[in-house]
Amino acid sequence: MINLSLQVFCNRIVAAGRITAEDVQALTRNVLPDGLTCRDEADMLIALDRVATSDAAFGDYLVTSVVDFAVWGERPTGYIDAEVARWLVGSLGNGSGPTALAARIAREVVREAQASDEALIAFALAANRHIAETKASAMMLLAA
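For every chain, the first residue of the written sequence is number 1, and numbering continues from 1 along that sequence. In view of the model being predicted, local features appear only for residues whose pLDDT reaches at least 70, and side-chain atom pairs are presented and counted only at 80 or more, with totals across whole chains, interfaces and linings using the full set of residues. Only hydrogens and water are set aside when side-chain values are computed; all heavy atoms of the structure are taken into account.

J.: Quick question: what am I supposed to make of the overall build of the protein chain here?
T.: Scanning the protein chain for helices and strands turns up seven helices and four strands. Going along the chain from the N terminus, every DSSP run of H or I of four or more residues is numbered as a helix, and every run of E of two or more is numbered as a strand. The N-to-C order of helical and strand elements in the protein chain reads α-β-α-α-β-α-β-α-α-β-α. At 15 Å, the protein chain has a C-alpha radius of gyration in line with the 15 Å of a compact globule built from 144 residues. The C-alpha extent of the protein chain, read off along each of the three principal axes, is 45 × 40 × 20 Å. This radius of gyration counts C-alpha atoms alone. The globule rule is 2.2 Å times how many residues there are, raised to the power 0.38.

J.: For this particular structure, what's the right way to read the nonpolar core?
T.: Soluble, globular proteins show a tendency: their nonpolar side chains are buried together. For the purposes of this section, nonpolar cores are sets of buried Ala, Val, Leu, Ile, Met, Phe, Trp, Tyr and Cys residues that join through side-chain atoms within 4.5 Å. Note on exposure labels: buried denotes an accessible area under 20% of the residue type's maximum, exposed denotes more than 50%, and partly exposed covers the range between, all computed with a 1.4 Å probe on protein chains only. Counting residues in hydrophobic clusters, the biggest one holds 43 residues, and the most contacted among them are Leu6, Leu27, Leu45, Phe58, Ile80, Leu88 and Val109. Broken down by secondary-structure element, the contributors of at least two residues to this core are α1 (4-16), α2 (21-31), α3 (39-51), α4 (56-73), α5 (82-93), α6 (100-112) and α7 (118-143). Top element by residues in this core is α4. It accounts for nine residues. Contacts were defined at the residue level, with two residues in contact if any of their heavy atoms lie within 4.5 Å. Filtering out sequence-adjacent residues up to four positions away, Val109 remains in contact with Val66, Val67, Val71, Ile80, Leu88, Ser116 and Leu120.

J.: Even after reading the chapter, I still don't get the side chain of Asp23, so can you show me in this structure?
T.: In this structure, Asp23 sits in helix α2. On the accessibility criterion, Asp23 (10% relative accessible area) is buried. When neighbours within four sequence positions are excluded, Asp23 is seen to be in contact with Phe9, Arg12, Ile13 and Arg18.

J.: For this particular structure, what's the right way to read α4?
T.: Since the α-helix turns once every 3.6 residues, residues separated by three or four places project in the same direction. Look at α4: 24 Å from first C-alpha to last across 18 residues, which is about the 26 Å you get at 1.5 Å a residue. N-capping of α4 is provided by Asp55, with a side-chain oxygen placed 2.8 Å from the backbone N of Ala57. One less than the number of residues in a helix, times 1.5 Å, gives the span that helix is expected to have. The term polar contact refers here to a pair of N or O atoms within 3.5 Å; inside protein, the definition further demands a hydrogen-donor-capable atom paired with an acceptor-capable atom, and it admits residues adjacent in sequence only when both atoms are side-chain atoms.

J.: Would you mind showing me how to read the environment of Ala119 here?
T.: The residue Ala119 is located in helix α7 in this model. On the basis of relative accessible area, Ala119 is assigned to the partly exposed category, the value being 38%. Taking the C-alpha atoms as reference points, Ala119 and Arg86, separated by 33 residues in sequence, lie 7.3 Å from one another.

J.: I would appreciate a short explanation of the packing of α4 against α6 in the present structure.
T.: Think of two packed helices as two axes; the pair is described by the angle between the axes and how far apart they sit. In the contact formed by α4 and α6, the axes pass within 9 Å of each other and the chain directions differ by 40°. Taken together, the axes of α4 and α6 lie oblique to each other. In this structure, α4 meets α6 at a crossing whose hand is right-handed. Taking contact as the criterion, the partners of Phe58, Gly59, Asp60, Leu62, Val63, Val66, Val67, Val71 and Trp72 in α4 are, on α6, Leu101, Arg104, Ile105, Glu108, Val109 and Glu112. Just so you know the grouping, Ala, Val, Leu, Ile, Met, Phe, Trp, Tyr, Cys and Pro go in nonpolar, Asp, Glu, Lys and Arg go in charged, and all remaining residues, Gly too, go in polar. Along the lines of polarity and charge, the residues of the contact of α4 with α6 split into ten nonpolar, one polar and four charged. Working convention: axes come from line fits to C-alpha atoms, limited for helices to the stretch in contact. Angles between N-to-C directions cover 0 to 180 degrees. Angle categories are assigned with fixed cut-offs, so that under 35 degrees is roughly parallel, over 145 is roughly antiparallel, 65 to 115 is roughly perpendicular, and the rest are oblique. Should the near helix be turned anticlockwise from the far one by less than a right angle, the crossing is left-handed, and should it be turned clockwise, the crossing is right-handed.

J.: How should I be thinking about α1 in this particular structure?
T.: Between its first and last C-alpha, α1 extends 18 Å over 13 residues, near the 18 Å set by a 1.5 Å rise per residue. Summarising the contacts, the buried residues of α1 are in contact with β1 (18-19), α2 and α3. Just beyond α1, the residue with positive phi is Gly17, at close to 80°.

J.: Please explain the pattern of salt bridges as it appears in this structure.
T.: Once the charged atoms of two side chains with opposite charge are near each other, the side chains can pair. Salt bridge criterion: a side-chain nitrogen from Lys or Arg within 4 Å of a carboxyl oxygen from Asp or Glu. One pass over the structure, following the stated rule, counts six salt bridges. For the salt bridge of Glu74 with Arg39, the shortest nitrogen-to-oxygen distance reads 2.5 Å. Of this pair, Glu74 sits in the loop between α4 and β3 (79-80) while Arg39 sits in helix α3, and the two are 35 residues apart along the sequence. Among the residues examined, Glu74 registers a relative accessible area of 14% and is labelled buried. Linking Arg111 and Glu108 is a salt bridge whose minimum nitrogen-to-oxygen distance equals 2.8 Å. On the criterion of helical spacing, the pair formed by Arg111 and Glu108 is a turn pair, its members being three residues apart in helix α6. For Arg111, a relative accessible area of 57% puts it in the exposed group.

So this is what it looks like as structure tokens:
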């Protein structure tokens, strides 16, 4: 279940269209001082990446928080099983493909876990390859 302060925080961010460093401080100090406690909270923050521009501090916070929750908060501890992998792939991919931040989260979860289900490993590899190709295409367009 989502805590009300997180819902209010997300509503404010969506209305503003951006996440500032001050917002990240408020999130860590007041809204989620103990980190993520459920998948719904993680899903809400992952979704913010798609609807708001963000300060780099948000990306760092979200990567750390999702890694901590998925690898060390979910069971079995330290491992990403098929069920957790399905949740992460669905949330990070959001049906339309991952953002650069979502690709980074997937990569870091795989890196931190002692073992990961193959679905998450495949997603992380494909997501990071897609992001790299997109960046390369953008660089070529800028150079032209």
